[in-house]
Amino acid sequence: DSELGTSRLMVNSSEKSSRSGVPSFFQHSVEGWRVNSSLVLMIRKDVLRFLDAERDVSVVKSSFKPGDTIHYVLDRRRTLNVSHTLHSLLPDVSPLKNKRFRTCAVVGNSGVLLNSGCGKEIDSHDFVIRCNLPPLSEFAEDVGLRSDFTTMNPSVIQRAYGGLKNATDTERFVQRLRGLNDSVLWIPAFMVKGGERHVESVNELIVKRKLRVRTAYPSLRLIHVVRGYWLTNKINIKRPSTGLLMYTLATRFCDEIHLYGFWPFPRDANGNMVKYHYYDMLKYRYFSNAGPHRMPLEFKTLKMLHSKGALKLTTSKCE
Ligand code: CTP
């Protein structure tokens, strides 16, 4: 049996749903959640057999020199040259070196956050991780404002900031980065080919406008080692989502991890529609095998960890 005992909870890719379309495993929510500290420690130890979270969270300046060639992690035949700008933004040391937090929030982007009133609770954690540079101020009541660590897939530049093609979008983006206020901006720049133009424009803007963000770029092995960790627990996730990557990294730094905004299903427990993102009109893409992630399987795993006290998953209103 695996150390997490997950094998008994093995799931197949077609998640079972009740007639209301609500996954049946979520209909009986567990009352009175309590952290299981020995399980938290065990998971941390287990995770650290695979990843050196402190180092894998970012490559550092001394790893490369300008002009070096990097092979994309998920597309090994394609390469990227380390520009002077990129090199100048690599941190000298891991942004999470020697860090330890009592409680952390990892905030996913599901529409389940809308009308949750979770903003205050999220902001009350010692460290708040957000995914893909989501808008905050218009949704503060439900999602909060604090961010200590924000991820940004290069695709966000195209999707939410028009590829930074005109001055309005560029200014909007600059304002958003100013809002990060010296916190960490984590850019998976070496995962797949495609967004390199965007990464370079973002990097140039940060330098030119002297934006106070602490840039970080995940190590070339992060995805592989995270996948390896879950696989030994019999969870086969080829391409972990940003949310799962963040949870896995957080196990190293956080004693209590609270997840919000994780709900990869189009309906809530009462059968009401739930938007894929709380802030835009993006559609659900993850139910076919063609999608890059297996979020329902990830969710089922996180739910199981919630019931064992390894993490706390909030999918309803906050008190
Ligand atoms: N998420 C979720 N349910 C949703 C939307 C998102 O559980 N309806 C979680 C996932 O773990 C996801 C994270 O929140 O990785 C951030 O959401 P998003 O920015 O939408 O991620 P994607 O761009 O869809 O995917 P990724 O960055 O993981 O490639």
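Residues numbered from 1 in each chain as written. Predicted model: local features only at pLDDT ≥ 70, side-chain atom pairs only at ≥ 80, totals over all residues. Heavy atoms only, no water.

> Can you walk me through the packing of helix H9 (residues 222–232) against helix H10 (residues 242–253) in this structure?
Packed helices, taken two at a time, are described by their axes: the angle between them and the distance between them. For the pair H9 and H10, interaxial distance at closest approach is 11 Å and the crossing angle is 80 degrees. Between H9 and H10, the interaxial angle falls into the category roughly perpendicular. Here Leu222, Val226, Tyr229 and Trp230 of H9 lie close against H10, whose contacting residues are Leu244, Leu245, Tyr247, Thr248 and Leu249. Residue classes in the contact of H9 with H10 are distributed as eight nonpolar, one polar and no charged. (Axes fitted to C-alpha atoms, helices over the stretch in contact; angles between N-to-C directions. Helix = DSSP H or I, 4+ residues; strand = E, 2+ residues; numbered from the N terminus. Parallel < 35°, antiparallel > 145°, perpendicular 65-115°, else oblique. Contact = heavy atoms within 4.5 Å. Nonpolar A, V, L, I, M, F, W, Y, C, P; charged D, E, K, R; others polar.)

> It is not clear to me how H10 should be interpreted in this structure. Could you clarify?
With 12 residues, H10 should cover 16 Å at 1.5 Å per step; its first-to-last C-alpha distance of 17 Å lies within 8% of that length. With 11 of its 12 residues buried, H10 lies for the most part within the structure. Among the residues of H10, those classed as buried are Thr242, Gly243, Leu244, Leu245, Met246, Tyr247, Thr248, Leu249, Ala250, Thr251 and Phe253. (Expected span 1.5 Å × (residues − 1). Buried < 20%, exposed > 50% of the residue type's maximum accessible area, 1.4 Å probe, protein only.)

> Quick question: what am I supposed to make of the pattern of salt bridges here?
Oppositely charged side chains are able to pair whenever their charged atoms sit close together. Following the criterion strictly, the structure yields 15 salt bridges and no others. Between Asp56 and Arg221 there is a salt bridge, and its shortest N-O distance comes to 2.7 Å. In this pair, Asp56 is assigned in helix H2 (residues 53–56) and Arg221 in the loop between strand S7 (214–216) and H9, connecting sequence segments 165 residues apart. Take Asp56: its relative accessible area is 2%, and that puts it in the buried class. Linking Arg172 and Asp169 is a salt bridge whose minimum nitrogen-to-oxygen distance equals 3.1 Å. On the criterion of helical spacing, the pair formed by Arg172 and Asp169 is a turn pair, its members being three residues apart in helix H7 (residues 167–178). Given the relative accessible area of 40%, Arg172 is considered partly exposed. When its relative accessible area of 15% is taken as the criterion, Asp169 is described as buried. (Salt bridge = Lys/Arg side-chain N within 4 Å of Asp/Glu carboxyl O.)

> Explain the nonpolar core here, please?
Taken as a class, soluble globular proteins show a tendency for nonpolar side chains to be buried jointly. Phe149, Trp186, Met246, Tyr247 and Leu259 are the most contacted members of the largest nonpolar core, which totals 47 residues. Sort the elements by how many residues they give to this core and H10 lands first, with seven residues. Residue contacts for Tyr247: discarding those within four places in its chain leaves Ile43, Val106, Trp230, Ile257, Leu259, Leu302, Leu305, Ala310 and Leu311. With 30 residues, the next largest nonpolar core counts Val59, Tyr161, Leu177 and Val202 among its residues. (Core = buried A, V, L, I, M, F, W, Y, C linked by side-chain atoms within 4.5 Å.)

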